[in-house]
Every structure is written in C-alpha cells, then in structure tokens.
Amino acid sequence: MDSRFVGITELVEAPSVAVVVDVMRAFTVAAWAFAQGAEKIVLAESLDEALALKARHPDWAALKDGPPAPGFDMVNSPGLLRSVDLRGRTVVQKTTAGTVGALAVKEASLVLCAGFVVAEATARLLRARGSDGVTFVVTGEDGRAEEDLACARYIARRVTGAGTDAAGFLRRAAGSRAAAELAEGVRQGAHPDDVALCLELDRFPFAMVATSEDSLMVLRPHAVPSLADDAPI
Ligand SMILES: O=C(O)[C@H](CS(=O)(=O)O)OP(=O)(O)O
Ligand SMILES: [Mg+2]
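In the nomenclature of an unreviewed UniProt entry, the chain is known as Probable 2-phosphosulfolactate phosphatase of Streptomyces griseomycini. Under the UniProt heading Sequence similarities (unreviewed entry), the entry covering the chain gives this text: "Belongs to the ComB family."

This is the structure in structure tokens:
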C-alpha cells in the first residue's frame, strides 16, 4: 500500500481513500460519542452552521472545541463526554482541525476518521478494502502534529505489517505539543483524563466512515470485517 501523509493545506485534489487523523481530540471524542450511543455525527463547516443545524433540529446535540459557548451542548473533551448519555442522538461537531480535515476530503470515495482509539479497526477496514493508496490527512499543526503523525504512521504500518509495536508511536504522541497543552490547561474545554483517553489504543472495535448525506458530511461507526475476511479483495 502506498501511503501519503499530508496536512490539510497540502491537499490539492480529492484522494481516492482518505484517513483523516485527529488524536487530540476530535476523533477520540467522536468515537466516545458513538460509544455513548450517538447515532451519527454531522461534521459542520463552521460554528454558525453548527448553530443553524441545532436551531433546525433542537434534539441534536451541538459540540465545539474550546470553552463552552451559548447554543452548544458540549465541548470537545472525551473525559467530559464519557458521562453523557447520547443514545439515539445526532451530534453536530465543529472543531479547529479534525472536522476541517474531514470536510477537506469530502469528495474522496472513502473517508475514514481516526485516532488511536480506533486504530486497529481502521487498519482492518483498509486491509479488507484492499486499498492500493491511502492519503493520511494529518490534521494538527499544518500536518506536523506529532500525535496525528504518530497515529497515521501506526495505522499505515498495521495495514501492511503484522505485529507492529505500538509503544513507540504512543510515546511520540504522549510527547506532543497537544498533549502538553492539554496537561498544562492551555486548551480550554478539557478534562484531566483527556490525554490518557486519547492514547488508549484500540479502545473501540469500530472504524468511523464519513459520507455525504443530504449535502451534509455525516460520520457513522462502521463494524469491521471479521478476521476471516481480512484478506485483500
Ligand atoms: O479540541 C482540541 O483539542 C483542538 C482545539 S485546538 O486545535 O487546539 O485549538 O481541536 P481538534 O480539531 O480536535 O484538534
Ligand atoms: Mg487535534
């Protein structure tokens, strides 16, 4: 498999297969939202669009990064989200990096959103699809965020090679600027457990697939194929 690792601004044309990586924290949060029962996540283009969607659908739950804000129900923190009951709910998510990265590749034929918590499921889905080339969108810090690069490279290795040791990749992510900022309280809307939760390898058994639905980009959990189906097709 040919893997490319690019920042959001380096995307010139829609890749065929895109894995959009945001470890801290958008796609760790998205995975927790599904674990808490959310049916789907609508990725909003802007804060205004998120609020407009919420106004049109008052039963939806709107989520943004940074501090809490009027009109939004939740912030972009896995530690805070893990105690929220989201059964059957639609979540609208808008963050600085993760959701922007996913929307930047909305024309791709397959868009997966990922972090360490869904790494193996993501790799297995790519393996099952037999994808020749995968573009990993490293959403943080113009493509240089250590936590996203480490996760992207780990997933790429898991697609092609068995038995990749995760420890070095997780260490690299733990030493990232994002981890330090979360630990030091620089990033708002955070819980003390956020870094640890973002570094929980394979916490969830599903991948996350984004598709266009009624002109919105919608993220849903996707059960991965069983081991028996793992050979490329
Ligand atoms: O909530 C986060 O951790 C970040 C916010 S920022 O990029 O540090 O301002 O958003 P995300 O899109 O989840 O990286
Ligand atoms: Mg990030």
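From this point on, the discussion continues.
(A) Looking closely at the overall build of the chain. Assigned secondary structure in the chain consists of nine helices and 10 strands. Against the compact-globule benchmark of 17 Å for 233 residues, the chain has a radius of gyration of 16 Å, which places it among compact chains. Once the C-alpha set of the chain is aligned to its principal axes, its extents read approximately 45 × 40 × 35 Å. In the chain, which comprises 233 residues, the proportion classed as buried is 55%. When contacts within the chain are restricted to residue pairs at least 6 apart in sequence, those whose partners lie at least 24 apart make up 76%. Summed over its atoms, the accessible surface of the chain is roughly 9900 Å², and 51% of this surface lies on carbon and sulfur atoms. One way to put it: in the chain the 24 positive side-chain charges average out to a point 2 Å from where the 31 negative ones average out.

(B) View of the pattern of salt bridges. Following the criterion strictly, the structure yields 13 salt bridges and no others. Ionic pairing is found between E39 and R220, a salt bridge with its closest N-O pair at 3.9 Å. Within this pair, whereas E39 is found in the loop between α1 (26-35) and β3 (40-43), its partner R220 is found in strand β10 (residues 216-223), the two being separated by 181 residues in sequence. Ionic pairing is found between R177 and E141, a salt bridge with its closest N-O pair at 3.6 Å. With a gap of 36 residues between them, R177 in helix α8 (residues 177-183) and E141 in the loop between β8 (133-138) and α6 (146-160) connect regions that are remote in the sequence. By relative accessible area, R177 is classed as exposed at 53%.

(C) Geometry of the packing of aromatic side chains. Within the structure shown, the criterion is met by six aromatic pairs. For the pair F5 and F136, a centre-to-centre distance of 5.2 Å together with 15° between the ring planes defines the contact as stacked. Note that F5 is positioned in strand β1 (residues 2-6) and F136 in strand β8, a separation of 131 residues in sequence. Classification of F5 as partly exposed rests on a relative accessible area of 25%. Among the aromatic residues, those joined into a cluster by ring pairs are W32, F34, F204 and F206.

(D) Inspection of the site of ligand 1 at higher detail. Close contacts around ligand 1 come from D22, M24, R25, A26, D65, N76, T95, T96, A97, G98 and R187, and that covers them all. Within the backbone of M24, one N or O atom sits 3.1 Å away from an oxygen atom of ligand 1. In this structure, an oxygen atom belonging to ligand 1 sits 2.8 Å away from a main-chain N or O atom of A97. Counted by class, the shell around ligand 1 contains three nonpolar, four polar and four charged residues.

(E) Seen up close, the coordination of the magnesium ion (ligand 2). Coordination of the magnesium ion (ligand 2) by the protein involves D22 (OD) and M24 (O), with metal-donor separations of 2.2 to 2.3 Å. Considered together, D22 and M24 belong to a single accessibility category, that of buried residues.

(F) Quick peek at the confidence of the model for the chain. Across the chain, the average pLDDT comes to 95, with 96% of residues at or above 70. Reported confidence for the predicted complex is 0.94 by ipTM and 0.96 by pTM.

Thresholds, definitions, all that
- In every chain, residue numbers begin from 1 and rise along the written sequence.
- Note on labels: chains are lettered from A, ligands numbered from 1, in written order.
- Where local features are concerned, this predicted model is filtered to residues with pLDDT of at least 70; where side-chain atom pairs are given and counted, the filter is 80 or more; whole-chain, interface and lining totals use all residues.
- Note that the side-chain values use all heavy atoms of the structure and ignore hydrogens as well as water.
- UniProt positions are given in the numbering used here, feature names are shortened, and annotations may be inferred rather than shown by experiment.
- Think of it this way: any DSSP run of H or I at least four residues long counts as a helix, any run of E at least two long counts as a strand, and we number them from the N terminus.
- Only the C-alpha atoms count toward the radius of gyration. The rule for a globule is 2.2 Å times the residue count to the power 0.38.
- Residue exposure (1.4 Å probe, protein chains only): buried if accessible area is under 20% of the type maximum, exposed if over 50%, otherwise partly exposed.
- By definition in these notes, contact holds between two residues if any of their heavy atoms fall within 4.5 Å.
- The accessible surface values rely on the Shrake-Rupley method and a 1.4 Å probe; as for residues, cover is taken only from the protein chains in view.
- Here Asp and Glu are counted as negative and Lys and Arg as positive; His is not counted, and neither are the chain ends.
- By convention, the charge on Lys lies at NZ, on Arg at CZ, on Asp at CG and on Glu at CD.
- Each salt bridge in this description consists of a side-chain nitrogen of Lys or Arg and a carboxyl oxygen of Asp or Glu lying within 4 Å of one another.
- Aromatic pairing here means that ring centres of Phe, Tyr or Trp (its six-membered ring) are within 6.5 Å. Orientation follows from the plane angle: under 30 degrees is stacked, over 60 is edge-to-face, and everything else is tilted.
- Residues are labelled near a given molecule or strand when at least one of their non-hydrogen atoms is within 4 Å of it.
- Side-chain atoms alone can form a polar contact between residues adjacent in sequence; in general such a contact is a pair of N or O atoms within 3.5 Å, and within protein one must be able to donate a hydrogen while the other accepts it.
- Each residue receives one of three labels: charged for Asp, Glu, Lys and Arg, nonpolar for Ala, Val, Leu, Ile, Met, Phe, Trp, Tyr, Cys and Pro, and polar for the others, Gly being one of them.
- Metal sites are built from N, O and S donor atoms within 2.8 Å, or 3.2 Å for Na, K and Ca, and they leave out water, so they may look incomplete.
- Confidence of the predictor at the level of single residues is given by pLDDT, which spans 0 to 100.

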